[in-house]
Structures are given as structure tokens and as C-alpha cells.
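Notes for the structure review
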Amino acid sequence: MASSSAVGFRLNAATGTHRGDRAYQQDQVAVIAHPRIEGCVMGIVADGMGGKSGGRKAADQVILTAQQLFERYSPDDESPAELLGQITSEAHLMIKLTAISAEEEPHSTIAGFVVTSDRCVHWIHSGDSRLYWFRGARLVKRSMDHSYVQRLVDEGQLTEAEASSHPQSNLLTACLGTVQDPTSTSERLEGLEVGDTLMCCSDGLWHYFTAQELGSVLYSLPPREAAELLVSKARQRARGGGDNLSLAIVKVENLD
């Protein structure tokens with residue numbers, strides 16, 4: 001759990017993770033408060049794929065790259081969008097190098113956001129790990145997955161409900177560590193308000209909830225309790241067949 005304050009607001013944060021019913025944990029998640037910039041926080045999740053050790057190595061590389069670059073980040077030298085783009089490209093390269101040396105095929109998703117002290121959000125994602133922005137309990141915006149079923153939804157061939165139970169719901173159209181350069185989507189979101197919540201999470205979590213359910217929990221509980229409840233409920237709903245799951249929550253609160 002972490003918190004960072006700036007003029008007029010406080011950021012309250014928490015992470016949650018669980019191995020699910022898998023033999024190995026390949027998700028990694030982190031919330032990092034900037035060491036020098038008050039009110040600047042990063043949340044990031046990586047869902048690794050590629051064998052028992054390959055996927056974890058890939059996810060580890062995403063988090064390590066994010067930590068190193070965020071600690072060096074200075075708004076005088078680069079924008080948050082440039083920072084997130086660099087994290088994505090450097091992690092992608094390092095995962096590919098790991099594959100060469102280890103003779104494995106590691107890949108990873110990425111979903112990360114940076115909150116700046118002027119209450120703007122910059123986010124980036126590749127794969128099917130998601131980013132959510134809630135105002136109170138209401139969904140303001142979420143990222144769109146880079147996946148086969150999302151493409152079918154976009155084309156009008158599937159509904160969101162049908163997509164969640166589609167047998168090919170785990171097929172990705174983009175992630176880090178592939179032969180080609182990764183497809184990623186980045187956005188700038190302005191006007192964070194007190195009561196807003198940001199969350200990034202792997203598909204092992206979001207798969208079991210509607211946006212309305214997520215918003216209700218994040219609105220009604222502090223981040224730590226919300227993370228615990230969402231992990232617990234996802235485990236119940238998985239009925240013994242759950243994937244690794246992870247989430248990072250950052251909530252904008254009034255200063256006491």
C-alpha cells in the first residue's frame with residue numbers, strides 16, 4: 001500500500017495478486033510513488049506468458065524496466081507519454097533478448113498509468129490487461145483489449161457478454177516480446193477529481209466482473225479492502241479454474 005500527496009489531494013493506493021489455480025505465478029504488479037515528484041504515481045501490471053519460467057521472466061522485466069525508468073523520470077526532460085512509450089519499447093526488447101539467451105518464448109502484456117501532480121493521467125497498454133477509470137461508481141473509460149474477441153466485438157460479431165465466454169478469449173493480437181514490434185495504445189486523460197479511482201488489472205481478475213461491479217466495489221471501499229474483496233470474489237467465481245490475477249488501484253482522496 002502506498003500514498004502520495006500533492007496540493008489539494010492525496011493518492012491512496014494498493015495492489016493485490018493471487019496465483020489462482022495455476023501451478024506458477026506469472027503476473028507481476030506494482031504501484032510506485034515517484035521519489036522526487038510529489039503527487040506523481042505509477043501503477044503497472046504485467047501478465048507473463050511462455051512456460052513456467054518464461055512468462056514470469058517477461059513480467060519481471062516489464063516491472064523492472066518500469067521501476068528503473070520511472071525513478072529517473074523528470075517532467076522537464078520528457079512527457080509521461082514518452083516515459084510510458086519508452087518503458088514499453090525497452091521491456092519488449094529485453095524480453096526478446098531473454099528469449100534468445102534462455103531458448104524460451106516469453107511474452108507479457110502491459111497495462112500502466114502515470115498520475116501527475118496536475119491530476120492528469122497518461123496510460124498505455126498492450127495485450128488484454130486492462131485499465132479502468134471510475135468517477136465514484138461510474139465507469140468513465142476503460143482500455144480496449146488487443147485480442148481476437150475484442151476485434152469481433154468491434155466488428156459487431158460478438159456482444160461483450162458473448163466475448164467473455166468465447167473459447168478463444170485468450171488469443172491476443174498484441175503483446176510484448178513478439179517478433180514484430182508491439183502494438184500499444186496510449187492516451188492522456190485530464191481532470192481527475194476527488195473520488196476518482198484508477199485500476200489496472202490482468203484478465204484473471206476482470207474476466208469475473210462487470211464494470212458496474214468493479215465501480216461499486218472501488219467506490220465503496222478503500223483501495224486495500226477493495227483489492228482484497230475483488231481477489232476473493234474472483235477466486236470464488238473461478239470455481240477452481242482461475243488464472244493468475246493481479247490489480248493495482250489508485251484512488252484520489254481529499255487531504256485530511
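Residues numbered from 1 in each chain as written. Predicted model: local features only at pLDDT ≥ 70, side-chain atom pairs only at ≥ 80, totals over all residues. Heavy atoms only, no water.

Per an unreviewed UniProt entry, the protein chain goes by PP2C family protein-serine/threonine phosphatase and derives from Pelomonas parva.

1. Structural notes on the overall build of the protein chain
From N to C terminus, the protein chain includes seven helices and 12 strands. Relative to the globule expectation of 18 Å for 256 residues, the C-alpha radius of gyration of the protein chain, 17 Å, shows essentially globular dimensions. Dimensions of the protein chain along its principal axes, counting C-alpha atoms only, are 50 × 40 × 35 Å. Counting across all 256 residues of the protein chain, residues that qualify as buried make up 52%. (Helix = DSSP H or I, 4+ residues; strand = E, 2+ residues; numbered from the N terminus. Rg over C-alpha atoms; globule rule 2.2 N^0.38 Å. Buried < 20%, exposed > 50% of the residue type's maximum accessible area, 1.4 Å probe, protein only.)

2. Description of a nonpolar patch on the surface
A contiguous nonpolar patch, built from Leu93, Met94, Leu97 and Ile100 and spanning about 390 Å² of accessible area, is present on the exposed surface. In this fold, leucine 97 is placed in helix α2 (residues 80–102). Overall, the relative accessible area of 43% leaves leucine 97 in the partly exposed class. (Patch = residues over 30% accessible without salt bridge, like charges linked within 9 Å, V, L, I, M, F, W, Y side chains within 5 Å. Areas by Shrake-Rupley, 256 points an atom, 1.4 Å probe, with all protein chains shown as cover. Salt bridge = Lys/Arg side-chain N within 4 Å of Asp/Glu carboxyl O.)

3. Some words on the packing of aromatic side chains
Aromatic rings considered in pairs are described by the distance between their centres and by the relative angle of their planes. Tallied over the full model, the rule gives two aromatic pairs. Taken together, a centroid distance of 6.4 Å and an interplanar angle of 10 degrees make the contact between phenylalanine 70 and tyrosine 73 stacked. Judged by relative accessible area, phenylalanine 70 falls into the buried class, the value being 0%. A centroid spacing of 5.8 Å and a plane angle of 10 degrees characterise the contact between tyrosine 132 and phenylalanine 134, whose relative ring orientation is stacked. Taking relative accessible area as the criterion, phenylalanine 134 reaches 0% and is therefore assigned buried. For arginine 130, the ring lying beneath its charged end belongs to tryptophan 206, and the centroid distance is 3.4 Å. (Phe/Tyr/Trp six-rings, centres within 6.5 Å; stacked < 30°, edge-to-face > 60°. Lys NZ or Arg CZ within 6 Å of the ring centre and 35° of its normal.)

4. Re the state of the cysteines
Taken as a whole and judged by the stated rule, the model has zero disulfides. The thiol of cysteine 200 is unpaired, and the distance to the nearest cysteine sulfur, on cysteine 201, comes to 7.4 Å. With relative accessibility at 0%, the residue cysteine 200 sits in the buried group. (Disulfide = S-S within 2.5 Å.)

5. Here's the deal with helix α6 (residues 211–220)
Because an α-helix packs 3.6 residues into every turn, residues spaced three or four apart end up facing the same way. What α6 keeps buried is the set Leu214, Gly215, Val217 and Leu218. Looking down the long axis of α6, one finds its buried residues gathered within 165 degrees of arc, a one-sided arrangement. Pointing more than 90 degrees away from the buried face of α6 are the exposed residues Gln212 and Tyr219. In the core, the buried residues of α6 are packed alongside β8 (130–135), β11 (196–201), α7 (223–238) and β12 (245–253). (Arc of directions from axis to C-beta. Contact = heavy atoms within 4.5 Å.)

6. Details of the pattern of salt bridges
With the rule as written, the count across this model stands at 11 salt bridges. Residue aspartate 60 pairs with arginine 56 through a salt bridge whose shortest N-O separation is 2.9 Å. Within this pair, aspartate 60 and its partner arginine 56 are both found in helix α1 (residues 51–72), separated by four residues, close to a single helical turn. Among the residues examined, aspartate 60 registers a relative accessible area of 30% and is labelled partly exposed. What makes arginine 56 partly exposed here is its relative accessible area of 29%. Residue arginine 130 pairs with aspartate 145 through a salt bridge whose shortest N-O separation is 2.9 Å. Note that arginine 130 is positioned in strand β8 and aspartate 145 in the loop between β9 (138–142) and α3 (148–154), a separation of 15 residues in sequence.

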